[in-house]
Amino acid sequence: MKAFQFSRADSAAGAVRSVAANPRAMFLGGGTNLVDLMKLGVERPDELVDITRLPFDRVHLDADGTVRIGANVRNSDLAAHPAVRTGLPVLSQALLAGASGQLRNMATVGGNLLQRTRCVYFQDVTKPCNKRRPGSGCPARTGQHRNLAVLGGSETCIATHPSDMAVALAALGAQVAVTGPDGDRGIPLEELHRLPGELPDQDTTLRHGELITGVAVPALPFAERSAYRKVRDRASYAFAVASVAAALDVHDGLVRDVRLAFGAVAPKPWRAHIAEDALRGRPATAAGFRAAVEAELAAAVALRDNGFKIPLISNITVGLLQDLAGARS
Amino acid sequence: MSVTATRAVGSALGRIEGPAKVTGAAKYAGEQDDIQDVAYVWPVQSTIAKGRIRHIDDAPIRDRPQVLAVLTPDNAPHLQPLADAELAVLQTRNVAYRGQIVAAVVAQTLETAREAAEQLQIEYDEEAHDVELTQDHQSLYKPEHVNPSFPTDTEQGEVDHALATAAFSVDHTYETPALHNNPMEPHATLAIWHGDELTLYDSNQGAYSVQQTLAQLFDLDPAAVHVMSQHVGGGFGSKGTARVNAVLAAMSARLVRRPVKLALHRHHQFAVVGYRTPTIQRIKLGADADGRLTAISHDVVEQTSTLMEFAEQTAIATRIMYAAPNRRTTHRLARLDMPTPRWMRAPGECPGMYALESAMDELAIECDLDPLELRIRNEPARDPESGKPWSSRSLVECLRDGADRFGWAGRDPRPAVRYDGSWLVGTGVAASTYPAYAGPATAAARAERDGTFVVRITASDIGTGARTALTQIAADALRVGTDVVRVDIGDSAFGQANIAGGSMGTASWGWAVTKACTELREEVGRHGEIPVDGIEVHADTSAEIEARTGYKFQGFGAQFAEARVNVDTGEVRVPRLLGVFGVGRVINSRTARSQLIGGMTMGLSMALHEEGVLDPAFGDYVNHDLAEYHVASCADVTDIAAHWVDEQDDHVNPMGSKGIGEIGIVGTAAAVANAVHHATGVRVRDLPIRLDKLLGRLPTRTG
């Protein structure tokens, strides 16, 4: 591991100043991904600014129903919070489906959003990877890509975003609060992560020195009826091969409203707008659910070994929507 | 052979070193914190699969603060060549596989060594590599023998004719992937030189074997090499003999003239310590109208490296499992630009029985027989291979007892008809087997004047409970309680003993301990009173092992699995796994159960999860960490049970015991695969049974 400077921030402004001043400085949250990547040589910061003592460690329920989540709230604490458990079960379930108890106790909300892909080529500095070393090539296209993207990838990169939590937040239409050298701003979670295009090294739309301070989930009463379904290669402690976050509001047999996002199939949490639009106002039937999901997946592109994700995401989405509609026990 | 009267043997004595382990007081090889002035070495691995090092530029790192040495093939100490060519660390500029150690950096801190090693610039002359095993690979050849010294091929009768005229037959090819041992404790060594004397704290399965090997490599008298391995956190075969960690640590310590520590990174473990070869196995079975086997044919294709030969004995269990007049087994190896495969828990039996026991299930369906009944009908009275009588064989009892416990009776043989919501449910059975080997060993037993006893033997406790089992055996042979017996192990100074491998540790060491303790008891009896300096006797079981002939010594078992497969996703769950084993007398019921369910868990993991994923472009296993190489998690193992039948064996050894370290992993994957077939009607013939191999082949849900 490369030697680095370490400091502990006592204010957000100070943290931003320190990182903004050094192009090779990074913020350190729970460290469950960054420290691993530093050991692997994938991340090689000169300086780490520990932001875990900053006062972004609360979950607050506003009078209008908005749930404000501090960026330093640990994943375990967020999953257990009563407002989340009862009002946003999809978020609680997604958090608990991720990692292990020990990791969830360390991992923060901000860090979870900014974790990097688990693509084996990205993590191995002895191999090419356009995300790690732009222009070096992508061995995954012809190599090991069973768990890589079928939606939103580009010729340069087909990495998937590994977060479960972010998939739930995408479905819930969350807003990310950021502070930076140019002041505060809000970013819709859907626009925090970007598709690789020609710039696969840039995972997010954050500028250097910008710090996530929190996430706001707007009031969504029907999210009380929401759920997360994750499929993985073993029963616990594995990244998803496909996941879906959904909230469904059915009235008189018709879909009044719906939120839908897919995980582990794209370089970012994949909000399924096409499917949502196809569902609203239509009968809440298995056939309707299937048709809507297939419309969303029409753009999916399979490589040699990851095509199974397309029927898989379709099946689990239809199943989850049926469960939420009360159509199957 | 008489069996020692038992008191401690058979009890559930807790691990003697248990409290030391859970409190952290037990020191593993990399934890000798009382050794001062330790330096650290970090290996540099090749990034090509085949070729030659053209140039190593250490200028950017050699003068860094804290860097003590950069080892390369140009300056590494010369080693004596051995048959184990993997141990010729840094002796050539040639590269035989990606991940081979091509340099190393020694530094005052681990972090400095690692960072400098990653900055080392190496240029290669790269050659085209060949890393993919195929059934008809152009380099296939017939090895002289298979591990360790079994015939490569066997043939009796007219196999092809019998198959052609069989009433029922199956002919299928089964594949198993590369599997990686992944003990919890990585391979680790602390090496210390005093002049020409070498001391190693080393994580291994046999301190005596490591002592002999290091002495040969460094051209030393074995007495000048002292290997200590008090506690070892698993090996599963990958620490069966000295590995590169011991060699590189010793080389480095000699060069920098201070103690050097090396604990391999998990990434290293996927290249330099061995793994189970992938296998491609074609099985043909023929049976008559009553389901009696007329022909068994098992052809194995697997890999070795270009450095040396390792020939997994994959078909040997097929030679002894079932009666059939016409039988053939073959093994062929491809020499690939890959690391050398080595032993992994039940080498041979484990992949081989996956194939055979899957084929038996397929034959049972062809014959319309219960798979239990098919096995019972083909039970051989003697070893079909050698014609020798069994010292004991309880397969049929295990099958019947297991069927009762599992609730097998009344099983509907039809596949893909049992739904529980979105889940298809099925059950499967397979047989297990593992030889009951024993090897010669020496032991010393000592009576102290204060009424206590000390036994010394170069046994290894790699987490199995060997220290505890040997204490029970010693106490019974001495006819005293375990509380007055101390068994010291894991020290090459105690003399020759075989490794913890081949499930023969307890049998071999227990034999020597029994002999030493029995003689000591008689000696003490003759003395009447124990003198001030105690009484010590030494035993060697070479003659007894030599005389151990006339029978086939083999353990058997039966495993039952319930599988649930989600029709929407192909997810597989195994809510129940039950094994019943005939393994002679069980020395310690607690640690034995742990060994058996541990093996079964690893078998479940093999069935559903484990796979070294090869990238042919690079020539390495790309999923080289425990996040990507999945082993079963606790949530995958819900209801698992191991039982044993009461098997008395007066021939196998003085304890009447058979090894239990490996039999648990044998057959599990077939039981699971058979259950998955029963659940879904889909036969997956290449492990692991991942959801993407099932999805799209599952029945459409009607319920």
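Basis of the calculations
- Residues numbered from 1 in each chain as written.
- Chains lettered and ligands numbered in written order.
- Predicted model: local features only at pLDDT ≥ 70, side-chain atom pairs only at ≥ 80, totals over all residues.
- Heavy atoms only, no water.
- Helix = DSSP H or I, 4+ residues; strand = E, 2+ residues; numbered from the N terminus.
- Buried < 20%, exposed > 50% of the residue type's maximum accessible area, 1.4 Å probe, protein only.
- Areas by Shrake-Rupley, 256 points an atom, 1.4 Å probe, with all protein chains shown as cover.
- Lys, Arg positive; Asp, Glu negative; His and termini not counted.
- Charge placed at Lys NZ, Arg CZ, Asp CG, Glu CD.
- Rg over C-alpha atoms; globule rule 2.2 N^0.38 Å.
- Contact = heavy atoms within 4.5 Å.
- Disulfide = S-S within 2.5 Å.
- Pairing = 2+ DSSP bridges.
- Axes fitted to C-alpha atoms, helices over the stretch in contact; angles between N-to-C directions.
- Polar contact = N/O pair within 3.5 Å; in protein donor to acceptor, adjacent residues only side chain to side chain.
- Buried area = accessible area lost by both parts, 1.4 Å probe.
- Salt bridge = Lys/Arg side-chain N within 4 Å of Asp/Glu carboxyl O.
- Nonpolar A, V, L, I, M, F, W, Y, C, P; charged D, E, K, R; others polar.
- 1 Å grid on protein atoms, 1.4 Å probe; cavity = no way out; pocket = protein on both sides within 12 Å on 5 of 7 lines; lining within 4 Å.
- Points joined across faces, edges and corners; volume = space filled by probe spheres on them.
- Phe/Tyr/Trp six-rings, centres within 6.5 Å; stacked < 30°, edge-to-face > 60°.
- Lys NZ or Arg CZ within 6 Å of the ring centre and 35° of its normal.
- Parallel < 35°, antiparallel > 145°, perpendicular 65-115°, else oblique.
- Left-handed = near helix turned anticlockwise from the far one by under 90°.

Asker: Quick one: what's the story with the overall build of chain B, residue by residue and with numbers?
Answerer: When helices and strands are tallied, chain B shows 17 helices and 28 strands. A buried classification covers 63% of the 703 residues belonging to chain B. Of the roughly 24,400 Å² that chain B leaves accessible, carbon and sulfur atoms contribute 48%. For chain B, the separation between the mean place of its 65 positive charges and that of its 91 negative charges on side chains is 3 Å.

Asker: Please provide a residue-by-residue account of the overall build of chain A, values included.
Answerer: Across its full length, chain A carries 12 helices and 12 strands. Taken over C-alpha atoms, the radius of gyration comes to 19 Å for chain A, in line with the 20 Å a tight globule of 329 residues would show. In terms of principal-axis extent, the alpha carbons of chain A reach across some 60 × 50 × 35 Å. Considering chain A as a whole, with its 329 residues, one finds that 59% of them fall into the buried category. Relative to all contacts within chain A whose residues are 6 or more apart in sequence, the contacts with residues 24 or more apart total 64%. For chain A, the computed accessible surface area is about 13,000 Å², with 52% contributed by carbon and sulfur atoms.

Asker: Help me get a handle on the state of the cysteines, residues and values and all.
Answerer: All names here are of chain A. The full count for this structure, using the stated rule, is 0 disulfides over all chains. With no disulfide of its own, C119 lies closest to C129 among cysteine sulfurs, the gap being 5.9 Å. A relative accessible area of 9% places C119 in the buried class.

Asker: Tell me about the environment of Q66(B), and please be specific about residues and values.
Answerer: All names here are of chain B. Looking at where Q66 falls in the secondary structure, it is placed in the loop between α2 (59-62) and β3 (67-71). Residues Q66 and V106, spaced 40 residues apart in sequence, show a C-alpha to C-alpha distance of 8.7 Å. With near-sequence residues (within four places) excluded, Q66 lies in contact with V106, A107, Q108, T109 and T112.

Asker: Can you lay out the sheet that holds strand β11 (residues 254-263) of chain A for me, pointing to particular residues and giving the numbers?
Answerer: All names here are of chain A. The strand order across the open sheet built from 4 strands is β9-β10-β11-β12, with neighbouring strands paired in antiparallel fashion. Each having just a single partner strand, β9 (226-232) and β12 (270-271) make up the two edges of the open sheet. Both β11 and β12 contribute to a ladder of 2 bridges, which runs antiparallel. Bridge pairing in β12 links A261 to R271. Of the strands in this sheet, β10 (240-251), β11 and β12 are in contact with helix α11 (residues 286-296), which crosses β11 at around 45 degrees. Strands in contact with helix α12 (residues 309-324) are β9, β10 and β11; relative to β10, the strand with the most contacts, it is inclined by about 30 degrees.

Asker: Give a detailed account of the side chain of T329(B), specifying residues and quantitative values.
Answerer: Residue and element names in this part refer to chain B. By the element assignment, T329 lies in strand β17 (residues 326-336). In this structure the side chain of T329 is engaged in a polar contact, spanning 2.8 Å, whose partner is the side chain of R319. Setting aside its immediate chain neighbours within four residues, T329 contacts T152, D153, T154, H298, A315, T318 and R319.

Asker: Requested: an account of helix α5 (residues 207-217) of chain B, with residues and values cited.
Answerer: Residue and element names in this part refer to chain B. When you tally the buried positions in α5, you get 8 out of 11 residues, the bulk of the element. All of the buried residues in α5 are A207, S209, V210, Q211, T213, L214, A215 and L217. Among the structural elements, β12 (197-202), β13 (225-228) and α6 (244-256) are those in contact with the buried residues of α5. Looking at the residues trailing α5, positive phi occurs at D219, about 55 degrees.

Asker: Go over the interface of chain A and chain B with me, naming the residues and quoting the values.
Answerer: At the junction of the two partners, chain A supplies 33 residues and chain B supplies 34 residues. Between chain A and chain B lies a buried interface of about 2,700 Å² when both sides are counted; carbon and sulfur atoms form 53% of it. Along the contact surface separating chain A from chain B lie 4 salt bridges. Taken together, chain A and chain B are joined by 12 residue pairs in polar contact (both at pLDDT 80 or more). Looking at the side of chain A that touches chain B, the elements that each hand over two or more residues are α2 (34-40), β9 and α12 of chain A. Each residue belonging to the side of chain A that touches chain B can be placed in one class, and the counts come to 14 nonpolar, 6 polar and 13 charged.

Asker: I'd like a description of empty space enclosed by the protein, backed by residues and values.
Answerer: One water molecule sets the probe size; rolling that probe over the atoms shows where empty space is left. All names here are of chain B. In the structure shown here, the tally under the stated rule is 8 cavities of 30 Å³ or more. Empty space within the largest cavity amounts to approximately 130 Å³. Taken together, 15 residues make up the lining of the largest cavity; nearest its centre are A88, V89, L90, Q100 and I101. Residues belonging to the lining of the largest cavity are distributed by class as follows: 10 nonpolar, 4 polar and 1 charged.

Asker: How would you summarise the packing of aromatic side chains if you had to cite specific residues and measurements?
Answerer: Within this structure, the stated rule accounts for 12 aromatic pairs over all chains. When the ring of Y121(A) is compared with that of F618(B), the centres are 6.1 Å apart and the planes differ by 40 degrees; the resulting orientation is tilted. Of the two residues, Y121(A) is situated in the loop between α7 (109-113) and α8 (165-171) and F618(B) in the loop between β26 (614-615) and β27 (620-621); the pairing between them involves two chains. No difference in accessibility class separates Y121(A) from F618(B), as the two residues are buried. A connected cluster of aromatic rings, assembled from ring pairs, spans F406(B), W408(B) and F560(B). When the ring centre of F556(B) is taken as reference, the NZ or CZ atom of R393(B) above it lies at 4.2 Å. For the cation-ring pair, R576(B) lies above F406(B), with the distance from its terminal atom to the ring centre recorded as 3.9 Å.

Asker: Tell me about the sheet that holds strand β6 (residues 175-180) of chain A, and name the residues and values.
Answerer: Residues and elements named next belong to chain A. In space, the 5 strands of this open sheet follow the order β4-β5-β8-β6-β7, with antiparallel pairing throughout. Strands at the two margins of the open sheet, each flanked by one partner only, are β4 (59-61) and β7 (183-188). Going from strand to strand, the sheet's axes swing by 20 degrees on average, the running direction of each strand aside. Summarising the sheet, β4 and strand β5 (residues 67-70) pair through 3 bridges and their orientation is antiparallel. Its bridge partner lying in β5, V59 is registered against I69.

Asker: Quick rundown of the packing of helix α15 (residues 589-608) of chain B against helix α16 (residues 668-680) of chain B? Include the residues and the values.
Answerer: Residue and element names in this part refer to chain B. Interhelical geometry of α15 versus α16 gives an angle of 50 degrees and a closest axis separation of 7 Å. Classified by the angle their axes make, α15 and α16 are oblique. For α15 against α16, the interelement crossing comes out right-handed. When α15 is examined against α16, the residues G599, M600, G603, L604, M606, A607 and L608 are found in contact with a partner set consisting of T668, A669 and V672. Split into classes, the residues belonging to the contact of α15 with α16 amount to 7 nonpolar, 3 polar and no charged.

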